[in-house]
Amino acid sequence: MSGPAGLHLWGRLSSINVRKVVLCAQWLGIDLPRTDAGLAHGVVDTPAYRAMNPNGLVPLLQDGDFTLWESNAIVRYLCARSGRGYPGDLKARADADRWMDWQQTTLNRASGPAFVQWIRTPAAQRDPAVIEASVRATEPLLERIDEHLARRGFMLGDEPCMADFPIVCELHRWFGLPQARPDWPHLSRYLAHWLDQPCARGVLDQPLS
C-alpha cells in the first residue's frame, strides 16, 4: 500500500461518515493514518481541531497543509487524487454526485433515528414510535436502491466508483439493526460483495456502536 506524505484522518470508526472514508481509502490502496476523535474520544472541541474544522465534527482529512471536512467531499477528493473511482465523464460524475448527495440528505436522515434508538439508546429509554417512523421512511428508499441495483452491479454500472462507499455503509448499518426487513435480493447481493472485499476489513466487519 502507498503512503502519501501528509495524509491523516481524524475520526472514530463508530461514525458512518468516517467508515465511508476509511472504506474508500482502503479500496484505493491508500495508507491513511487515523486518530480517534469525537464522542468519548473528545478532541473535536479543542481549539486546535476547531481551527481545522469549525463544525467540530468528524471526519476531517489533512493532506499536508490542506484540510477538508464533509465525508462525501473527502471520498470524492481521495478518488480524484488517486485517479480511481472518480468518473471522468461529466454525466457519469453528476450521476455519482447525485447518489452521494441523496445518501447524505435523504437516506441518512431517514435511517439515522432507528440506528440511534437501537444502538445508542438504552433499552429502557427506546421509543418504538421513533423506530417505526424511521423504518417507514427508510424502507421505500432502500427499495429504490434495490430496483436500481437490479440492472447493474454497482451504483454506476459494472465497476465501483465513489458513489458506492456512502451507499454500502448505509446498508451495512441498516442491515445490522436487530429488526425485521423485507427481502431485497439485489441489496443483499451488493452488500455481500462488499463485505467479502479486502477493503472491508476493519470497517464493515466491526459491530455497530
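Scope of this entry: the structure provided in the associated data block. These numbers come from a predicted model, not from an experiment. (Residues numbered from 1 in each chain as written. Predicted model: local features only at pLDDT ≥ 70, side-chain atom pairs only at ≥ 80, totals over all residues. Heavy atoms only, no water.)

1. Some details on helix α6 (residues 164-175)
So the rule is basically this: Each helix is a run of DSSP H or I of at least 4 residues and each strand a run of E of at least 2, with the numbering of both proceeding from the N terminus. Here, expected helix span is obtained from the residue count minus one, scaled by 1.5 Å. Only protein chains enter the accessibility calculation, which uses a 1.4 Å probe. A residue is then buried if its area is under 20% of the maximum for its type, exposed if over 50%, and partly exposed in between. Contacts are assigned to residue pairs that have any heavy atoms within 4.5 Å of one another.
Taking 1.5 Å of rise per residue, twelve residues should cover 16 Å, and α6 covers 16 Å from first to last C-alpha, within 8% of that figure. α6 sits mainly inside the fold: eleven of its twelve residues count as buried. Listed as buried for α6 are D164, F165, P166, I167, V168, C169, E170, L171, H172, R173 and W174. Looking at the buried side of α6, the elements it contacts are α1 (16-28), α3 (71-82), α4 (90-120), α5 (128-149) and α7 (185-195).

2. Notes on the sheet that holds strand β2 (residues 34-35)
As a reminder, the rule being used: We call two strands paired when DSSP finds no fewer than two bridges between them. Simply put, an axis is a line fit to the C-alpha atoms, just over the touching stretch for a helix, and the angle between two N-to-C directions goes from 0 to 180 degrees.
With mixed pairing, the four strands of this open sheet are ordered in space as β2-β1-β3-β4. Two strands close off the open sheet at either side, each with one partner strand: β2 and β4 (66-69). Examined bridge by bridge, strand β1 (residues 7-10) and strand β3 (residues 60-63) share four bridges and lie antiparallel to one another. Looking at the pairing, L7 lines up with D63 of β3. α3 contacts β1, β3 and β4 of the sheet and is inclined by roughly 130° relative to β4.

3. Examining the nonpolar core
Short version of the rule: Side-chain atoms within 4.5 Å are what join buried Ala, Val, Leu, Ile, Met, Phe, Trp, Tyr and Cys residues into a set we call a nonpolar core.
L23, L78, I145, Y190 and W194 are the most contacted members of the largest nonpolar core, which totals 62 residues. Sort the elements by how many residues they give to this core and α1 lands first, with nine residues.

4. Concerning the packing of α1 against α6
When two helices pack together, their arrangement is given by the angle between the helix axes and the distance between those axes. Put simply, the rule is: Geometric relationships in this document are graded by angle, where less than 35 degrees denotes roughly parallel, more than 145 denotes roughly antiparallel, 65 to 115 denotes roughly perpendicular, and other angles denote oblique. In this scheme, a crossing is called left-handed if the near helix is turned counterclockwise away from the far one by less than a right angle; it is called right-handed if the turn is clockwise.
Running from amino to carboxyl end, α1 crosses α6 at an angle of 125°, the nearest separation of the two axes being 9 Å. In this view, α1 runs oblique relative to α6, as classed from their interaxial angle. Like other packed secondary-structure pairs, α1 and α6 cross with a definite hand, here right-handed. Contact residues: α1 offers I16, R19, K20, L23, C24 and W27, while α6 offers F165, P166, V168, C169, E170, H172 and R173.

5. Considering the pairing of β1
As a reminder, the rule being used: Consider the strands pointing away from the viewer: the crossover is right-handed when the path from the first strand over the helix to the second runs clockwise.
What you see with β1 is no split at all: L7 and L9 on one side and H8 and W10 on the other are buried throughout. As paired elements, β1 and β2 share two bridges and run parallel to each other. When the sheet's bridge partners are listed, L9 is paired in β2 with R34. Since β1 and β2 lie parallel, the crossover through α1 that links them has a hand, and here it is right-handed.

Without other data, these values stay purely geometric and don't point to any function.
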